[in-house]
Amino acid sequence: PLPESAVNLYELTFGTVAGVCAGVFVKKGAKMVAFFLGGVFVLLQYLGSMSLVRVDWGRMAARFENLLYTKDALGNKRPPTISSLWRWVVDFLTADFQPRASFIAGLALGLRIG
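Residues numbered from 1 in each chain as written. Predicted model: local features only at pLDDT ≥ 70, side-chain atom pairs only at ≥ 80, totals over all residues. Heavy atoms only, no water.

Undergrad: How would you summarise the side chain of T16 if you had to cite specific residues and measurements?
TA: Assignment of secondary structure puts T16 in helix α1 (residues 14–49). In contact with T16, not counting residues within four places along its chain, are S102, F103 and G106. (Helix = DSSP H or I, 4+ residues; strand = E, 2+ residues; numbered from the N terminus. Contact = heavy atoms within 4.5 Å.)

Written out as structure tokens, the structure reads:
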């Protein structure tokens, strides 16, 4: 007979539950931030079209690049990628957290169901 597996798919570990909760939180929070920033952009565009404000989008882009872009070995600026953002989020959320593997699985599930 085949040996019985020690892994039970019907039992949730602490890392999995924490990952699901964090995934739902991150997804809902990202939606709220995107909604808010989108609203600010639309409002600024509207106020600009009415000549009530003038937005320096070039300066805004430069500040964005200084905040999020990284420099490679040659000194060239590189924009963030999806994989670099995912690595940063996972590293941030799992710092000093032992059940990392089950947390990441729960995080992916939480992002999916959130």
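From this point, things continue past the structure.
Undergrad: I'd love a proper account of the pattern of salt bridges, names of residues and values included.
TA: For the structure shown, the criterion picks out one salt bridge. Residues D91 and R100 are paired through a salt bridge, measuring 3.1 Å at the closest nitrogen-oxygen approach. (Salt bridge = Lys/Arg side-chain N within 4 Å of Asp/Glu carboxyl O.)

Undergrad: Help me get a handle on the packing of aromatic side chains, residues and values and all.
TA: Geometry of an aromatic ring pair is reported as the spacing of the ring centres plus the angle between the planes. Inspection of the entire model under this criterion finds five aromatic pairs. Plain terms: the ring middles of F14 and F97 are 5.9 Å apart, the flat faces sit at 50 degrees to each other, and that makes the pair tilted. Taken as a pair, F14 in helix α1 and F97 in the loop between α3 (82–93) and α4 (100–113) lie far apart in primary sequence, 83 residues in all. By relative accessible area, F14 is classed as exposed at 61%. With a centroid separation of 5.4 Å and 55 degrees between ring planes, the pair formed by F41 and W57 is classed as tilted. Placement of the pair is F41 in helix α1 and W57 in helix α2 (residues 57–68), with a sequence separation of 16 residues. (Phe/Tyr/Trp six-rings, centres within 6.5 Å; stacked < 30°, edge-to-face > 60°. Buried < 20%, exposed > 50% of the residue type's maximum accessible area, 1.4 Å probe, protein only.)

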